[in-house]
There are 2 protein chains.
Amino acid sequence: MNVSALEEYGLRCAVTLAALKPDEMLSAPEIAEREGLSVEYVSKFMLHLKKAGLVTTVRGVNGGFALAKPAAEISLKEVFEALGGKRRVSDEDFCNAFAGKSDNCVHQSGCSIRPFWKILSLYIEAFTSEMTLQDMLNPERDTIVKTEKIALKNIQTMKEQLS
Amino acid sequence: MNVSALEEYGLRCAVTLAALKPDEMLSAPEIAEREGLSVEYVSKFMLHLKKAGLVTTVRGVNGGFALAKPAAEISLKEVFEALGGKRRVSDEDFCNAFAGKSDNCVHQSGCSIRPFWKILSLYIEAFTSEMTLQDMLNPERDTIVKTEKIALKNIQTMKEQLS
DNA sequence: CTAAATCAATACTTTTTTGTATGGATTTAA
DNA sequence: TTAAATCCATACAAAAAAGTATTGATTTAG
């Protein structure tokens with residue numbers, strides 16, 4: 001399980017915006033400076049976030065980027081989806097991304113691997129859809145408490161699917 | 001969060017071996033046939049698994065691959081580690097794989113993203129170290145039951161490690 | 001009106017991952 | 001002893017991801 005550069009850097013920049021005061025903006029050069037990235041690279045994934053409707057932009061002098069919604073209303077899942085990627089565990093069509101030589105995965109029925117990824121992705125989905133950009137600004141122990149709640153709820157969900 | 005081709009295909013082939021009767025072997029062409037992959041490609045990651053000590057090999061006519069240990073004693077974590085990858089969430093040095101322009105990540109202290117990945121990777125670690133190749137052969141409901149136990153235990157671990 | 005600061009879009013280069021090809025070494029069987 | 005079947009190792013090619021460069025459009029300040 002790998003984290004892509006876009007996921008990591010894109011999330012970082014989103015969190016940076018989440019820390020702004022209302023009506024403040026940050027320009028690409030400012031974000032790049034804070035995160036130790038190139039301006040061009042920052043512009044690249046900010047564009048993804050913009051197209052997904054997660055950030056608003058203002059061009060020209062004094063322009064920049066800001067979150068389009070309150071940080072507490074933007075889940076990490078939304079951020080990751082905005083940033084793309086081809087073989088994400090959470091994708092519905094995940095299996096056929098690994099079809100080998102044929103058009104579709106050879107394990108059309110009775111696949112033993114699929115349930116494994118399914119369970120793992122279910123957890124990741126649950127976790128990333130409940131964690132918000134706001135959570136990333138809160139103290140770590142709050143995150144742990146929240147994580148515990150998510151995990152318990154997730155166990156419940158799994159049980160229901162089982163019966 | 002992406003799954004690499006080596007992880008996916010390598011795991012599949014390992015599971016295929018796990019399903020063999022004792023003293024049976026499968027050759028690379030046989031595995032390739034079953035999984036719909038090229039013989040060369042299969043050989044490639046079987047070599048990784050061999051070097052990690054997870055499979056034994058016999059050369060020559062009637063040779064092939066078999067698991068080096070009982071399937072119940074090989075965790076998915078071991079399999080994934082054998083197959084490599086560069087930006088795995090579970091890696092200790094994960095952060096510095098995303099250092100941007102500098103040698104080390106700019107967020108040396110007070111990073112808000114790190115705890116997030118840490119928690120997620122803790123779960124993945126717990127899950128993949130307890131799930132074995134044998135589990136992949138068992139019915140899905142068994143897996144779910146096992147998953148629940150792992151999750152509960154993991155919540156406990158998180159509480160201890162992170163507070 | 002003009003210049004500077006900014007986002008927007010896309011093309012390009014480099015690096016990594018994915019997947020194939022090739023030549024060799026080992027074993028078995030005839 | 002030779003041929004076929006197999007693993008072993010590495011080199012190569014193609015595709016994707018990561019990261020840079022360039023050109024253009026928009027806004028604001030002076």
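An account of the accompanying structure is given in this report. Just so we're clear, the structure is a prediction, and the values are computed from it rather than from any experiment.

Criteria and thresholds
Residues numbered from 1 in each chain as written. Chains lettered and ligands numbered in written order. Predicted model: local features only at pLDDT ≥ 70, side-chain atom pairs only at ≥ 80, totals over all residues. Heavy atoms only, no water. Core = buried A, V, L, I, M, F, W, Y, C linked by side-chain atoms within 4.5 Å. Buried < 20%, exposed > 50% of the residue type's maximum accessible area, 1.4 Å probe, protein only. Contact = heavy atoms within 4.5 Å. Pairing = 2+ DSSP bridges. Helix = DSSP H or I, 4+ residues; strand = E, 2+ residues; numbered from the N terminus. Near = heavy atom within 4 Å. Polar contact = N/O pair within 3.5 Å; in protein donor to acceptor, adjacent residues only side chain to side chain. Nonpolar A, V, L, I, M, F, W, Y, C, P; charged D, E, K, R; others polar. Buried area = accessible area lost by both parts, 1.4 Å probe. Salt bridge = Lys/Arg side-chain N within 4 Å of Asp/Glu carboxyl O.

## Remarks on the nonpolar core
Where a protein is soluble and globular, its nonpolar side chains tend to be buried together. In terms of nonpolar packing, the biggest core is built from 108 residues, with Leu11, Trp117 and Leu133 of chain A together with Leu11, Trp117 and Leu133 of chain B touching the most fellow members. Sequence-distant contacts of leucine 133 of chain A, defined by excluding residues within four places in its chain, comprise Leu11, Ala14, Val15, Ala18, Leu67, Ala71, Ile74, Leu76 and Val79 of chain A.

## Let's talk about the pairing of strand β1 (residues 55-58) of chain A
In this sheet, strand β2 (residues 64-67) of chain A lies alongside β1 of chain A in antiparallel orientation, the contact comprising four bridges. Residue pairing across strands places threonine 56 of chain A opposite alanine 66 of chain A, the latter belonging to β2 of chain A.

## Quick notes on the protein's contact with DNA strand C
The local shell around DNA strand C holds 29 residues, among which Phe65 of chain A together with Ser38, Tyr41, Lys44 and Arg59 of chain B are the closest. Within 4 Å of the protein, the contacting atoms of DNA strand C are 73% sugar and phosphate, with bases supplying the remainder. In this structure, a base nitrogen belonging to DNA strand C sits 2.8 Å away from a side-chain N or O atom of lysine 44 of chain B. Elements with a minimum of two residues in the surface near DNA strand C: α2 (28-35), α3 (39-51), β1 and β2 of chain A together with α1 (5-18) and α3 (39-51) of chain B. Considered class by class, the residues forming the surface near DNA strand C number eleven nonpolar, ten polar and eight charged.

## Topic: the interface of chain A and chain B
Residue-level contacts link 54 residues of chain A with 55 residues of chain B. Both sides of the chain A and chain B interface together cover about 5,300 Å² of buried area, and 70% of this is carbon and sulfur. Contact with chain B buries surface across chain A, with Met1, Asn2 and Phe116 of chain A losing the most and accounting together for 13% of the total. Along the contact surface separating chain A from chain B lie zero salt bridges. Summed over the shared surface of chain A and chain B, the number is five residue pairs in polar contact (both at pLDDT 80 or more). Of all the elements in the fold, those that place two or more residues in the side of chain A that touches chain B are α1 (5-18), α2, α4 (76-83), α5 (114-130) and α6 (140-162) of chain A. In terms of residues, the side of chain A that touches chain B owes the most to one element, α6 of chain A, which gives eleven residues. Here the side of chain A that touches chain B is built from residues that sort into 32 nonpolar, eleven polar and eleven charged.

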